Amino acid sequence: MTKTSILALFSLLFMIFHADLVTKGAAAGLLLWYSAVVPALFPFMVLSSVLSGSGGISRLMQPFTAVFRFCGLSADGWYVLLTGLLCGCPMGAKTCADFLAEGRLSSSEAKFLFALCNHPSPMFLAGFVYPMFAAQLPLLCFVFAIYMPLLLLAIPAHFIYHAPFSPESIPENSGISQQHPTLNSANAFSSKHTRSDKSSSSALSLDAAILNSAEILVKIGGYLIFYSILILVIRNTPEIPAPARLFFSGAMEITTGIRTVSDSLTYPYSAIAAAAIFSFGGFSAMSQTNAVIRIHRSSSGSAFRTVSCGGRQNSVHEKTAGLSIRQYLLWKIAHASLTAAVMAVLTDVLRFSIF
């Protein structure tokens, strides 16, 4: 019996004897997924897939080519960066993995962006996190403490992944001519049957984007449910010391973690911890990120495909070159540490300026 099987067996036994706790945790995770994650991510996922598959990104970024060349990133790289900063985790990682699989990004540029571009959205910061601390400090302090360290992290990432990345390093035919991996099956069908019917092809592309986005969201929902159960178990286990329960609550899931430190710690420690948790994102978000990059571990663009070999159906699992979740974890730890340090300085400065 493997370690995974043993862990699953013990987890199942625990769920049987603590059904009420498991049910409450699952309900909390499902509510969070339904009320916050799906409305925030689903439209962006679908429209980003359609925009990428139709070649709209190249046209959208064309007016800013000179700026992109000066800064060193390709136009597609800037799109990945902006998506990751504005649309919320794991959209940045998903877009980065999509473009790497298509060949729109070089391996070095994709690794550089993956280290920096996957964060909770600014809307989540302004709408959920900041109201808990609005009486103590301005929103600008949170924004500075969270996003300024990214500029510092870009320096070591620049040397580790051999930046800068010029747009010329990306193959010329990797943009519009490459098919988006989430749309491959739909495009293969339409090329055989509806090549002359543009409206039908567009409809198929939208259908494929919706189905792929729904698959990713279901995986995200599953992780949210399991991590919500785990957090509830930790919080209701008196044998675990209170500081450890607080730490694990913050490390597991961002929403519950920030709410917990806000209720349990006094200012400014609560603000420092909340900013660090926001930058780290939690292991739940890390699992979601791993799920969206793992979708590209097959040549067909889906998580699995089956091929016939000697009358048997075999599952094919192929890695694409290079996005490492272990390296991503190290970058997130570094980001959270820098954020905590900056927020500590800012809150001290504010406290002394008040008195």
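For clarity, every value in this text was computed on a predicted model and none was experimentally measured.

Digging into the overall build of the protein chain
And step 1. Secondary structure assignment for the protein chain yields 16 helices and 2 strands.
And step 2. A buried classification covers 45% of the 355 residues belonging to the protein chain.
And step 3. When contacts within the protein chain are restricted to residue pairs at least 6 apart in sequence, those whose partners lie at least 24 apart make up 74%.

Remarks on the nonpolar core
And step 1. Core analysis: the biggest nonpolar cluster contains 64 residues, and Phe142 and Ile220 have the highest contact counts within it.
And step 2. The contacts of phenylalanine 142, once residues within four sequence positions are left out, are Leu125, Val129, Tyr130, Phe133, Leu137, Ala271, Ala275 and Met343.
And step 3. If you look at the next biggest cluster of nonpolar residues, it comprises 5 residues, including Val22, Ile229, Leu232 and Val233.

A short note on the packing of aromatic side chains
And step 1. Evaluated as defined, the whole model comprises 8 aromatic pairs.
And step 2. Plain terms: the ring middles of phenylalanine 124 and phenylalanine 278 are 6.1 Å apart, the flat faces sit at 20 degrees to each other, and that makes the pair stacked. Taken together, the positions of phenylalanine 124 in helix α8 (residues 122-129) and phenylalanine 278 in helix α14 (residues 269-280) put the pair 154 residues apart, joining distant regions of the chain.
And step 3. The class of phenylalanine 124 is partly exposed, set by a relative accessible area of 22%.
And step 4. When its relative accessible area of 1% is taken as the criterion, phenylalanine 278 is described as buried.

Structural notes on the side chain of serine 213
And step 1. Relative to the assigned elements, serine 213 resides in helix α11 (residues 198-235).
And step 2. At a separation of 2.8 Å, a polar atom in the side chain of serine 213 contacts the main-chain carbonyl oxygen of alanine 209.
And step 3. With residues near it in sequence (within four places) discarded, serine 213 still touches Phe42, Met45 and Val46.

Examining the pattern of salt bridges
And step 1. Taken as a whole, this structure holds 3 salt bridges when the rule is applied.
And step 2. One salt bridge in this structure joins aspartate 98 and lysine 94, with 3.0 Å as the shortest N-O distance. Here aspartate 98 pairs with lysine 94, and both are found in helix α6 (residues 91-102), just 4 residues apart, close to one helical turn. The same class applies to aspartate 98 and to lysine 94, which are both buried.
And step 3. As a salt-bridge pair, lysine 219 and glutamate 215 come within 3.9 Å of each other at their nearest N and O atoms. Linking lysine 219 with glutamate 215, this pair stays in helix α11, spanning 4 residues, or about one helical turn.
And step 4. Judged by relative accessible area, which is 27%, lysine 219 ranks as partly exposed.

As for the confidence of the model for the protein chain
And step 1. For the protein chain, per-residue confidence averages 76 on the pLDDT scale, and 73% of positions sit at 70 or higher.
And step 2. No element of the protein chain has a lower mean pLDDT than strand β1 (residues 305-309), at 39, and none a higher one than α14, at 94.
And step 3. Under a pLDDT of 50 for its full length, residues 166-204 has, in the predicted model, 57 contacts with residues more than four places off or in other chains.
And step 4. Low pLDDT, under 50, characterises residues 297-321; the predicted model gives this stretch 40 contacts beyond four residues in sequence or across chains.

Focus: helix α15 (residues 282-294)
And step 1. For α15, with 13 residues, the first-to-last C-alpha span of 18 Å sits near the 18 Å given by 1.5 Å per residue.
And step 2. Burial within α15 is extensive, with 11 of its 13 residues counted as buried.
And step 3. Those residues of α15 lying buried are Gly282, Ser284, Ala285, Met286, Ser287, Gln288, Thr289, Asn290, Ala291, Val292 and Ile293.

Side note on helix α9 (residues 139-160)
And step 1. Taking 1.5 Å per residue as the helical rise, α9 with its 22 residues ought to reach 32 Å, and the 33 Å between its terminal C-alpha atoms agrees with that figure.
And step 2. The largest bend in α9 amounts to roughly 30 degrees and is located at leucine 153, with the proline proline 156 lying one to four residues further along.
And step 3. Where α9 is concerned, the buried positions are Cys141, Phe142, Ala145, Ile146, Tyr147, Pro149, Leu150, Leu153 and Ala157.
And step 4. Positive backbone phi, approximately 60 degrees, marks histidine 162, located one or two places after α9.

Examining a nonpolar patch on the surface
And step 1. Together, Ile6, Leu9, Phe10, Leu12, Leu13, Ile16 and Phe17 make up an exposed nonpolar region whose accessible area comes to about 720 Å².
And step 2. Within the fold, leucine 12 resides in helix α1 (residues 3-17).

Considering the environment of leucine 125
And step 1. Secondary-structure assignment places leucine 125 in helix α8.
And step 2. It is 9.9 Å that separates the C-alpha atoms of leucine 125 and isoleucine 146, two residues lying 21 residues apart in sequence.
And step 3. Beyond its immediate chain neighbours, meaning those up to four positions away, leucine 125 contacts Tyr130, Pro131, Leu139, Phe142, Val143, Ile146, Tyr147 and Phe278.

Analysis parameters
All chains use their own residue numbering, which begins from 1 and follows the written sequence. With pLDDT at 70 or above as the cut-off, local features in this predicted model cover only qualifying residues; side-chain atom pairs require 80 or more to be listed or tallied, and sums for whole chains, interfaces and linings still use all residues. To obtain the side-chain values, all non-hydrogen atoms of the structure were included, while hydrogens and water were left out. Each helix corresponds to a stretch of at least 4 residues labelled H or I by DSSP, and each strand to a stretch of at least 2 residues labelled E; elements are numbered beginning at the N terminus. Burial classes: relative accessible area under 20% of the type maximum marks a residue as buried, over 50% as exposed, and values in between as partly exposed (1.4 Å probe, protein chains only). Any two residues having at least one pair of non-hydrogen atoms within 4.5 Å are treated as being in contact. By nonpolar core we mean a set of buried residues, namely Ala, Val, Leu, Ile, Met, Phe, Trp, Tyr and Cys, connected to one another through side-chain atoms within 4.5 Å. Stacked, tilted and edge-to-face are the three classes applied to pairs of Phe, Tyr and Trp rings, where Trp contributes its six-membered ring and a pair requires centres within 6.5 Å; stacked means planes under 30 degrees apart, edge-to-face means over 60, and tilted covers the rest. Definition of a polar contact: a pair of N or O atoms within 3.5 Å, with one able to donate and the other able to accept a hydrogen when the atoms are protein atoms, and with sequence-neighbouring residues admitted only if both atoms are side-chain atoms. Each salt bridge in this description consists of a side-chain nitrogen of Lys or Arg and a carboxyl oxygen of Asp or Glu lying within 4 Å of one another. As a per-residue measure, pLDDT tells how confident the predictor is, with possible values from 0 to 100. Every helix has an expected span of 1.5 Å times one less than the residues it contains. Across the chain, bend at a residue is computed as the angle between axes fitted to the seven residues ending at that point and the seven starting from it. Patches were defined on residues exceeding 30% relative accessible area and lacking a salt bridge, with like-charge contacts within 9 Å and nonpolar side-chain contacts (Val, Leu, Ile, Met, Phe, Trp, Tyr) within 5 Å. Where accessible areas are quoted, they stem from the Shrake-Rupley method and a 1.4 Å probe; at the residue level, only the protein chains shown are allowed to cover.

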